Amino acid sequence: MLQGMEKELVGAPPSYRNSMSTKIRIYKRDLGKLQRDMKSTDLGTGPGYRGEGKYGTHLQSQRALLLQGTESLNRASQSIERSQRIAAETDHIGTDIIEELGEQREQLDRTRDRLVHTGENLSRSRRILRSMSRR
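So, how was this worked out
- Each chain carries its own residue numbering, running from 1 in the direction its sequence is written.
- A pLDDT threshold of at least 70 governs which residues receive local features in this predicted model, and a stricter bar of 80 or more applies before side-chain atom pairs are shown or counted, although totals over entire chains, interfaces and linings include all residues.
- Think of the side-chain values as coming from all heavy atoms in the structure, minus any hydrogens and water.
- Strands are runs of DSSP state E lasting at least two residues, helices are runs of H or I lasting at least four, and both sets are numbered from the N terminus onward.
- For every residue, the accessible area (1.4 Å probe, protein chains only) is compared with the maximum for its type, and the residue is labelled buried under 20%, exposed over 50%, or partly exposed between those bounds.
- For this analysis, residues touch if any pair of their heavy atoms sits within 4.5 Å.
- Shrake-Rupley sampling with a 1.4 Å probe provides the accessible areas, and residues are treated as covered by the protein chains on show and by no other component.
- A score between 0 and 100, pLDDT records how confident the predictor is in each residue.
- Patch membership requires more than 30% relative accessible area and the absence of a salt bridge. Residues of like charge join within 9 Å; the nonpolar side chains Val, Leu, Ile, Met, Phe, Trp and Tyr join within 5 Å.
- For this document, the term salt bridge refers to a Lys or Arg side-chain nitrogen within 4 Å of an Asp or Glu carboxyl oxygen.
- Positive charges are assigned to Lys and Arg, negative charges to Asp and Glu, while His and the chain termini are left out of the count.
- We put the charge of a Lys on NZ, of an Arg on CZ, of an Asp on CG and of a Glu on CD.
- Residues grouped as a nonpolar core are buried Ala, Val, Leu, Ile, Met, Phe, Trp, Tyr and Cys residues, joined through side-chain atoms within 4.5 Å.
- In this scheme, a helix's expected span is set at 1.5 Å multiplied by one less than its residue total.

## A closer look at the overall build of the chain
Then step 1. A tally of helices and strands in the chain yields 3 helices and 0 strands.
Then step 2. Listing the helices and strands of the chain from first to last along the sequence gives α-α-α.
Then step 3. Scored against the burial criterion, the 135 residues of the chain give a buried share of 16%.
Then step 4. Partitioning the contacts of the chain with sequence separation of at least 6, the portion at a separation of at least 24 is 60%.
Then step 5. Taken as a whole, the chain presents about 11,000 Å² of accessible surface, with 54% of it coming from carbon and sulfur.

Encoded structure:
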């Protein structure tokens with residue numbers, strides 16, 4: 001699961017990468033600690049194990065910690081997926097806006113050209129009217 005999160009981190013927008021990588025490092029550290037605790041603890045799964053006493057309680061607490069770690073990783077994965085969806089939507093919206101702005105620029109350029117042409121026509125008309133009034 002952590003490897004999948006790291007792969008998603010590579011494709012994440014730069015603004016999210018720092019917080020995502022920090023969370024992944026924390027999850028790795030927590031997972032490593034839980035794994036070390038599990039290895040260093042006698043799990044009591046040998047013959048005669050009844051799940052009672054000191055080892056049974058310790059095993060239950062280790063399982064609870066492991067479940068919490070797993071839940072935390074699941075929540076982080078869901079959060080990363082939501083972030084990626086939001087980033088993709090934002091990218092799509094940005095692309096649409098850029099296209100629309102390009103169209104508006106073209107329209108403004110055409111309008112400016114028409115105004116220049118109209119101004120030239122008005123100047124020519126003034127000259128003609130002045131020459132006509134002098135005759």
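## Looking at the confidence of the model for the chain
Then step 1. With 88% of its residues at a pLDDT of 70 or more, the chain has an overall mean of 83.
Then step 2. Averaged over each element, pLDDT in the chain is lowest for helix α1 (residues 2–11) (75) and highest for helix α3 (residues 53–134) (91).
Then step 3. This model gives residues 44–51 a pLDDT under 50, and the stretch forms 5 contacts once residues within four places in sequence are excluded.

## Description of a negative patch on the surface
Then step 1. Taken together, Asp-96, Glu-99, Glu-100, Glu-103 and Glu-106 make up a surface patch of like negative charges.
Then step 2. Under the relative-accessibility criterion, Glu-99 is labelled partly exposed at 48%.

## Description of the nonpolar core
Then step 1. Within the largest apolar cluster, 9 residues are counted, these being Met-5, Leu-9, Ala-12, Met-20, Ile-24, Tyr-27, Leu-73, Ala-76 and Ile-80.
Then step 2. Secondary structure elements with two or more residues in this core: α1, α2 (14–40) and α3.

## Considering α2
Turn by turn, an α-helix covers 3.6 residues, leaving residues three or four places apart pointing in a common direction.
Then step 1. Over its 27 residues, α2 runs 39 Å from end to end, which matches the ideal 39 Å to within 8%, given 1.5 Å per residue.
Then step 2. Along α2, the residues that are buried comprise Met-20, Ser-21, Ile-24, Tyr-27, Gly-32 and Leu-34.

## Some words on a nonpolar patch on the surface
Then step 1. Taken together, the side chains of Ile-93, Ile-97 and Leu-101 make up a nonpolar region of the molecular surface, amounting to roughly 280 Å² of accessible area.
Then step 2. Counting through the fold element by element, Leu-101 comes out in helix α3.

## Observations regarding the pattern of salt bridges
Then step 1. This structure, assessed with the given rule, holds 4 salt bridges.
Then step 2. Between Arg-112 and Asp-109 there is a salt bridge whose closest N-O contact spans 3.3 Å. Here Arg-112 pairs with Asp-109, and both are found in helix α3, just 3 residues apart, close to one helical turn.
Then step 3. For Arg-112, a relative accessible area of 49% puts it in the partly exposed group.
Then step 4. Asp-113 serves as the salt-bridge partner of Arg-112, at 3.8 Å between the closest nitrogen and oxygen.
Then step 5. Assessed through its relative accessible area of 45%, Asp-113 is described here as partly exposed.
Then step 6. A network of salt bridges, in which partner residues are shared, links Arg-105, Asp-109, Arg-112 and Asp-113.

## A short note on the environment of Ala-87
Then step 1. Along the chain, the position of Ala-87 falls in helix α3.
Then step 2. Between the C-alpha atom of Ala-87 and that of Tyr-16, which follows or precedes it by 71 residues, the distance is 9.2 Å.
Then step 3. If we ignore the near neighbours within four places in the chain, the residues touching Ala-87 are Pro-13 and Tyr-16.

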